[in-house]
Amino acid sequence: MVFKSKIKWIALFVLVLSFASLITHLSIARSSTVDLVQYSAQAGFRDDFSTTSQFFMQSMRTKRLWGPVKPLRSLQSYANPRNSYPVPNKHNNGFIYAKIFGGFANIRSSICDLVTVSRLLNATLVIPEIQASTRSKGISNKFKSFSYLYDEEHFIESLTADVLIVKSLPDNLKAERKKNAFPTFKPKNSASPDFYTKEVLPKLKKGRVIGLVITDGGCLQSILPPSMSEFQRLRCRVAFQALQFRQEIQTLGQRMVARLRAWGQPFLSFHPGLLRDTLAYHGCAELFQDVHTELIQYRRAQMIKRGIINEELNVDSHLRRENGSCPLMPEEVGVLLRAMGYPPKTIIYLAGSETFGGQRVLIPLRAMFANLVDRTSLCSKAELSDLVGPESPLPLDLFQSPPAKSEQQLKEEWKRAGPRPRPLPPPPDRPIYRHEKEGWYGWITEMDKEPEPSPMDLRMQAHRLIWDALDYIVSVEADAFFPGFNNDGSGWPDFSGLVVGQRLHISASSTTYRPDRKVLAKLLNATRDNMYHPKHNWTLLVREHLNKSLSEEGLIRQSLLSKSALFISHPLPECSCRISSAEAPVHVKGKNGQFLYGGEEECPKWFGQEILLSEPTGEEDGKSEDSETTEYESDQVEIPESNDNDKTKSSLTFDQDEEMDPND
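Residues numbered from 1 in each chain as written. Predicted model: local features only at pLDDT ≥ 70, side-chain atom pairs only at ≥ 80, totals over all residues. Heavy atoms only, no water.

Per an unreviewed UniProt entry, the recorded name for the protein chain is O-fucosyltransferase family protein, and the organism is Ziziphus jujuba. Taken from UniProt, the Subcellular location (unreviewed entry) comment for the protein chain reads in full: "Membrane". Taken from UniProt, the Pathway (unreviewed entry) comment for the protein chain reads in full: "Glycan metabolism." (UniProt positions renumbered as here; feature names shortened; annotations may be inferred.)

Here is the structure:
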């Protein structure tokens, strides 16, 4: 019995000791400040591999969407004179003064032609007058006509070796000009050099002064004979070197670019090209609704009456769209960009001072890309108002209803209504509310004729020149550019064509899309019912076409369409040279036998061969189908839209697979 009682006491003692030890360890663990970390080798390897693969796929996507186009890296800008190029003589044939009508694109193209014509006629050019920015439009007294947009001093100084330029006519000739004593010409944009040498030059030598009125966006044909290559290079020097915006515009434009870069990612510039005149010219009224359709049809009727177009008023807009004659709508561009792989957080800059249709046509694009910005998003009202300078206030431009008809007029209309039995008078119209009358389109609800532009309308036209200049700076500096409507066949200069031309001249390998609207219209029609959830093969076809538009194939197609209408939209081969490379370029000639692509001279030895030496190797460019597919899927999962939970539902989901890479 004694032995058993000792065992019980020993067991009790061990139990108490164990319990005390447990309490001690728990108290030590609670008081310790060191966190216990559980590590799993498999989970750690998975996390490390996931981070590395995401970084690799992110870099691959950046290269594919934003990287330079390798086949075009050998093209370099070279607009310097090639052969003996005499300096202009002060004792020349006389003076040329000009008035330029139109918007931003027309002005820029016309100035390039004016300088070229002055060189051709060996004449002194007087700084041209931009009619959209004259003081009669109510602009600030701080600026003259030309200086409202461009830097006069830089323009004169940069062209010293090409053309003599003065700010005004000599005093003894100003009075005669006011009396219209000098001959004035109104050349077309297709005027030939023979027109100037045979018809204009004799009158210039006789009267010492001639005037030019330019309304078509140019005064000299785009394609010149091979013997006049120096004149084409002069056009390039004017467009890409001499025409520099005044300092205030240049500073704010670069500030806007810096603010876009500050977000830490590349950005794309998109110009819709939705202009009322262009839409009316091509008959694209049915692409819009309500009042916008009526406005386009009214402008088209005016063009038919003036002989600008020789077609019927009512045309099938959908057939025109399938032929590539109508623009890509912003919603369609958004679908195409999502198919290319641009994530919803991509920064898209909306260029263009005028987008016909207003903010309503931009709603789908803004739903797909929340970071859609424009100049009003990047600049304060004070910054924008400083550009236009101090202006005198204008009276409010309120809509005025037409005068009411008198009782006698109503009786006369009733008598002229036709034989009896006459129909009952129509029921009274619904009241037209104030907000329906005060817009710039308010006249169409109660008038059959568009009123003349008001002072406020004329001032806004001048302001649009500055807004287009800011958008031009941002679009040229953008990492990628997508035109909504260019090469439309009208023969008029367009904003997108100017941007594409300067990007081609400055950096031919930059990401500049040159889409074929006819091809894209067929693709969009094929998936119209499932536009936001297209099939895998459709996505591949879109990527294949847009990637081709970035490379030589798109550049060759553009040369066939745009150069005949506007030289500075495709300044090849005259204004470029090609660094020697292993691959021989494709040679393309026009109808007249001149080179449109591939006829560039070899760059001088001093030009800098290090450009090609710095290209990435093939190992860096290569990518496999698996990595591409995983990259896009990762993009859809890992990049949510910030602070936009409602818009996430409208984001597209496309399939991804291997397609042709324009960078290779």
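S.K.: What's the story with the state of the cysteines in this structure? I'm lost.
M.R.: Any covalent bond linking the sulfur atoms of two cysteines counts as a disulfide. Under the criterion given, the structure shown has three disulfides. Each disulfide pairs two cysteine sulfurs, and for Cys284 the partner residue is Cys326, the sulfurs being separated by 2.0 Å. Between Cys284 and Cys326, the disulfide has an S-S torsion of -100° and is therefore left-handed. You can see Cys284 sitting in the loop between helix 9 (276-282) and helix 10 (291-306) and its partner Cys326 sitting in the loop between helix 11 (317-322) and helix 12 (330-340), a full 42 residues away along the chain. Exposure class is identical for Cys284 and Cys326. Each is buried. Should the bonded cysteines of the protein chain be numbered as they appear in the sequence, the pairing reads 1-4, 2-3, 5-6. (Disulfide = S-S within 2.5 Å. Helix = DSSP H or I, 4+ residues; strand = E, 2+ residues; numbered from the N terminus. Buried < 20%, exposed > 50% of the residue type's maximum accessible area, 1.4 Å probe, protein only.)

S.K.: Can you help me understand the nonpolar core in this one?
M.R.: In globular proteins that are soluble, nonpolar side chains generally tend to be buried together. Membership of the largest hydrophobic core comes to 88 residues, with the highest contact counts inside it found for Phe104 and Phe155. It is helix 17 (residues 455-477) that provides the largest number of residues to this core, a total of ten residues. Composition of this core by domain shows at least three residues from each of domain 1 (95-244) and domain 2 (248-389 + 456-597). Other than its neighbours up to four places away in sequence, Phe155 contacts Ile111, Val115, Ile127, Phe146, Ile165, Val238, Ala242 and Leu243. Within the second largest apolar cluster, 60 residues are counted, among which are Leu295, Ile309, Leu523 and Leu572. (Core = buried A, V, L, I, M, F, W, Y, C linked by side-chain atoms within 4.5 Å. Domains from an automatic or database assignment. Contact = heavy atoms within 4.5 Å.)

S.K.: How do you make sense of helix 8 (residues 247-261) when you look at a structure like this?
M.R.: Counting along an α-helix, one turn takes 3.6 residues, and residues three or four places apart therefore face a common direction. The terminal C-alpha atoms of helix 8, which comprises 15 residues, lie 21 Å apart, in line with the 21 Å expected from a rise of 1.5 Å per residue. For helix 8, the full list of buried residues reads Ile249, Leu252, Gly253, Met256, Val257 and Leu260. Around the axis of helix 8, the buried residues are gathered within 145° of arc, so they sit on the same side. On the buried face of helix 8, the contacting elements are strand 8 (267-271), strand 9 (347-350), strand 10 (372-373), helix 14 (375-378), helix 15 (381-388) and helix 17. (Expected span 1.5 Å × (residues − 1). Arc of directions from axis to C-beta.)

S.K.: Could you clarify how one ought to interpret the pattern of salt bridges in this entry?
M.R.: It is possible for side chains bearing opposite charge to pair when their charged atoms get close. Using the criterion set out here, one finds 25 salt bridges in the structure. In this structure, Lys174 engages Asp171 in a salt bridge whose closest nitrogen and oxygen atoms are separated by 3.8 Å. Of the two residues, Lys174 and Asp171 both sit in helix 5 (residues 171-178), three residues apart, roughly one turn of that helix. Residue Arg299 is joined to Asp277 by a salt bridge in which the shortest nitrogen-to-oxygen separation is 2.3 Å. (Salt bridge = Lys/Arg side-chain N within 4 Å of Asp/Glu carboxyl O.)

S.K.: What exactly am I supposed to notice about the layout of surface pockets here?
M.R.: Roughly 540 Å³ of internal volume is contained in the second largest pocket. Lining the second largest pocket are 18 residues, and of these Glu129, Lys144, Lys167, Ser168 and Arg177 lie nearest its centre. With three residues, the single largest contributor to the lining of the second largest pocket is helix 5. Residue composition of the lining of the second largest pocket, by class: six nonpolar, four polar and eight charged. (1 Å grid on protein atoms, 1.4 Å probe; cavity = no way out; pocket = protein on both sides within 12 Å on 5 of 7 lines; lining within 4 Å. Points joined across faces, edges and corners; volume = space filled by probe spheres on them. Nonpolar A, V, L, I, M, F, W, Y, C, P; charged D, E, K, R; others polar.)

S.K.: Would you mind going over the side chain of Asn106 with me for this structure?
M.R.: For Asn106, the position within the fold is in helix 3 (residues 104-120). Residue Asn106 is classed as buried on the basis of its relative accessible area, which comes to 16%. Not counting residues within four places of it along the chain, the set of residues in contact with Asn106 comprises Ile100, Phe101, Thr215, Asp216, Gly217 and Pro493.

S.K.: Would you explain the sheet that holds strand 8 in this entry?
M.R.: Strand pairs in the sheet, formed through backbone hydrogen bonds, run parallel or antiparallel to each other. In spatial order, the strands read 10-9-8-11-12; together these five strands make up an open sheet with parallel pairing. Each end of this open sheet is capped by a strand with a single partner; those strands are strand 10 and strand 12 (511-512). In this structure, strand 8 lies alongside strand 11 (residues 480-483), joined through four bridges in parallel fashion. Bridge pairing in strand 11 places Leu268 opposite Ala480. Across the face of the sheet, helix 18 (residues 495-506) comes into contact with strand 8, strand 11 and strand 12 while running at roughly 150° to strand 11. (Pairing = 2+ DSSP bridges. Axes fitted to C-alpha atoms, helices over the stretch in contact; angles between N-to-C directions.)

S.K.: Help me out: how do you make sense of the packing of helix 3 against helix 7 (residues 229-242) in this one?
M.R.: If you want to describe how two helices pack, look at the angle between their axes and the distance between the axes. One can describe the packing of helix 3 onto helix 7 by two numbers: an axis separation of 9 Å at closest approach and a directional angle of 135°. The orientation of helix 3 relative to helix 7 falls into the category oblique. In terms of crossing hand, the pair formed by helix 3 and helix 7 is right-handed. Here Arg108, Ile111, Cys112, Asp113, Val115, Thr116, Arg119 and Leu120 of helix 3 lie close against helix 7, whose contacting residues are Phe231, Leu234, Arg235, Val238 and Ala239. A breakdown of the residues in the contact of helix 3 with helix 7 according to their chemical character gives eight nonpolar, one polar and four charged. (Parallel < 35°, antiparallel > 145°, perpendicular 65-115°, else oblique. Left-handed = near helix turned anticlockwise from the far one by under 90°.)

S.K.: Honestly, helix 21 (residues 552-562) in this entry has me stumped. Any pointers?
M.R.: Every buried residue of helix 21 is listed here: Glu552, Gly554, Leu555, Ile556, Gln558, Ser559 and Ser562. At its buried positions, helix 21 is contacted by strand 1 (75-77), helix 18, helix 20 (536-550), strand 14 (588-589) and strand 15 (595-597).

S.K.: Any chance you could explain the pairing of strand 2 (residues 95-100) here in plain terms?
M.R.: Two faces make up the sheet, and in a regular strand the side chains alternate between them. Within strand 2, five of the six residues are buried, leaving the element largely enclosed by the surrounding structure. Pairing of strand 2 with strand 3 (residues 124-126) involves two bridges; the strand directions are parallel. Bridging across to strand 3, Ile96 finds its partner in Leu125. The parallel pair strand 2 and strand 3 is bridged by helix 3, and the resulting crossover is right-handed. (Right-handed = clockwise from strand over helix to strand, strands pointing away.)

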